[in-house]
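Letter by letter, the chains look like this.
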Amino acid sequence: MKTFTALAANILVGFSILAGTLSTNALANEYTEGKVTVDHPWSRPTPPGVPMGVGYMAITNGGGSDITLTSAATPRAENVSIHESTMKDGNMSMRPLKEGLAIPAGKTVELKPHSYHLMLEKLKGPLKEGESIPLTLTFEGAADIDVELSVEPLDGSS
């Protein structure tokens, strides 16, 4: 009986370690292609009928020369554009970055609420909490990189 209990305990510990490893990797959401690393790409759920979604992430340029995020695409939206939101005199405004978003050599640029972000335009259906949205990021000066936007809860409990 003692051997069976020890064996059962070892199996439970093994499953716990495996579960911890899987959940850690699932939460990591880091993608690397050459000198570019994209960390934690995410979005928010959208209500039915809302034609716009967002994309956020941190992009690190580990190379020795500047690169530019020039575009993005997903099969879930007709168009994806790069935007910047700014606050001036108490008014929030948003503008497209038609020339793309520069990522300086050796630096990280965050796409986050009230700052740089991707606009997923003319969604082909609502973004639902828990799903992953395929997204291809295109750079000038670096290879394209495929990532998945994790649709996280509105309450920020992800």
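Everything that follows concerns the structure shown earlier in this document.
Residues numbered from 1 in each chain as written. Predicted model: local features only at pLDDT ≥ 70, side-chain atom pairs only at ≥ 80, totals over all residues. Heavy atoms only, no water.

Draft legend 1. Region of interest: the overall build of the protein. Within the protein, the regular secondary structure consists of one helix and eleven strands. Along the protein, helices and strands appear, N-terminal first, in the series α-β-β-β-β-β-β-β-β-β-β-β. Considering the protein as a whole, with its 158 residues, one finds that 36% of them fall into the buried category. Restricting to contacts in the protein with at least 6 residues of sequence separation, those with at least 24 account for 66%. Here the protein displays about 9,300 Å² of accessible surface, and carbon together with sulfur accounts for 56% of that area. (Helix = DSSP H or I, 4+ residues; strand = E, 2+ residues; numbered from the N terminus. Buried < 20%, exposed > 50% of the residue type's maximum accessible area, 1.4 Å probe, protein only. Contact = heavy atoms within 4.5 Å. Areas by Shrake-Rupley, 256 points an atom, 1.4 Å probe, with all protein chains shown as cover.)

Draft legend 2. Spatial organisation of the side chain of N29. Topologically, N29 is positioned in the loop between α1 (2-28) and β1 (30-33). If we ignore the near neighbours within four places in the chain, the residues touching N29 are V38, D39, H40, P41 and S150.

Draft legend 3. A look at the nonpolar core. Among the nonpolar cores identified, the biggest contains 28 residues, and M57, I59, L118, L135, L137 and F139 are the most heavily contacted of them. Look past the residues within four positions of L135 in its chain and what remains in contact with it is M57, A72, A73, T74, V80, L118, I145, D146, V147 and L149. (Core = buried A, V, L, I, M, F, W, Y, C linked by side-chain atoms within 4.5 Å.)

Draft legend 4. Local environment of the side chain of T46. Secondary-structure assignment places T46 in the loop between β2 (36-43) and β3 (52-61). At 2.8 Å, the side chain of T46 and the backbone nitrogen of L127 are in polar contact. The contacts of T46, once residues within four sequence positions are left out, are M52, G53, L123, P126 and L127. (Polar contact = N/O pair within 3.5 Å; in protein donor to acceptor, adjacent residues only side chain to side chain.)

Draft legend 5. Broad picture of the packing of aromatic side chains. Counted by the stated rule, this structure contains one aromatic pair. Consider the rings of W42 and Y56, whose centres lie 4.6 Å apart with planes at 45°: the pair is tilted. Residue W42 is found in strand β2, and its partner Y56 is found in strand β3; the two are separated by 14 residues along the sequence. Given a relative accessible area of 10%, Y56 falls into the buried group. (Phe/Tyr/Trp six-rings, centres within 6.5 Å; stacked < 30°, edge-to-face > 60°.)

Draft legend 6. Seen up close, the environment of I67. Mapped onto the elements, I67 comes out in strand β4 (residues 67-73). Relative accessible area serves as the criterion here: at 1%, I67 is assigned to the buried category. Along the backbone, I67 and L101 are 34 residues apart, and their C-alpha atoms lie at a distance of 8.5 Å. Contacts of I67, omitting those with residues within four sequence positions, involve K35, V36, N61, L101, A102, I103, F139, E140, G141 and A142.

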